[in-house]
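Here is how the chains run, residue by residue.
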Amino acid sequence: MIGMKNRISLMGLLGLLGLLGFFTDNPGFFGFFGFFGFFGFARVLPDEMFKQNVNKASRNAFFTGLVLYPAVVVISTLSLFPVALVFAFGFAVNFAVQILVFSFSLSKYEKSGDVR
């Protein structure tokens with residue numbers, strides 16, 4: 001894209017999936033509207049510090065997912081839910097929490113300006 005400074009802002013396009021909530025009557029899609037917040041990064045110059053912050057935030061989200069998904073699946077399995085529902089619930093919770101951890105971590109790192 002011409003003039004695009006920061007490609008992470010393209011994650012904002014995932015917000016369009018929220019429109020599926022109106023057509024499918026599935027309120028689970030409305031959570032995708034939160035991705036529109038990534039358009040705010042379009043004006044951020046992706047310098048070396050920003051890239052380090054994205055890497056640190058990605059690391060936080062990745063390791064959160066590594067721990068969270070098995071924990072949610074085990075806890076859901078012990079609660080006697082149907083097997084297909086257990087994995088779907090585990091995946092959905094894991095996805096949402098990873099995105100939240102990434103977003104909050106990146107926001108924290110960008111505001112603090114920490115160079116660790």
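Before going into details, it helps to say that this report is about the structure given with it.

Here is what the cut-offs are and how they apply
- Residues numbered from 1 in each chain as written.
- Predicted model: local features only at pLDDT ≥ 70, side-chain atom pairs only at ≥ 80, totals over all residues.
- Heavy atoms only, no water.
- Helix = DSSP H or I, 4+ residues; strand = E, 2+ residues; numbered from the N terminus.
- Buried < 20%, exposed > 50% of the residue type's maximum accessible area, 1.4 Å probe, protein only.
- Polar contact = N/O pair within 3.5 Å; in protein donor to acceptor, adjacent residues only side chain to side chain.
- Contact = heavy atoms within 4.5 Å.
- Core = buried A, V, L, I, M, F, W, Y, C linked by side-chain atoms within 4.5 Å.

**Describing the side chain of S105**
For step 1, the next point in the chain: Here S105 is to be found in helix α3 (residues 83-112).
For step 2, the next point in the chain: Accessibility expressed as a relative area gives 12% for S105, which makes it buried.
For step 3, the next point in the chain: Of the polar contacts made by the side chain of S105, one reaches the backbone oxygen of V101; its length is 2.7 Å.
For step 4, the next point in the chain: In contact with S105, other than residues within four places in its own chain, are A57 and N60.

**Re the nonpolar core**
For step 1, the next point in the chain: By size, the foremost hydrophobic cluster in this structure holds twelve residues: I8, F32, F35, F38, F41, F50, V54, A57, A61, F102, L106 and Y109.
For step 2, the next point in the chain: When residues of this core are traced back to their parent elements, those giving at least two are α2 (48-78) and α3.
For step 3, the next point in the chain: The greatest single-element share of this core, amounting to four residues, is contributed by α2.
For step 4, the next point in the chain: Beyond its immediate stretch of four places on either side in the chain, A61 contacts Q98, V101 and F102.

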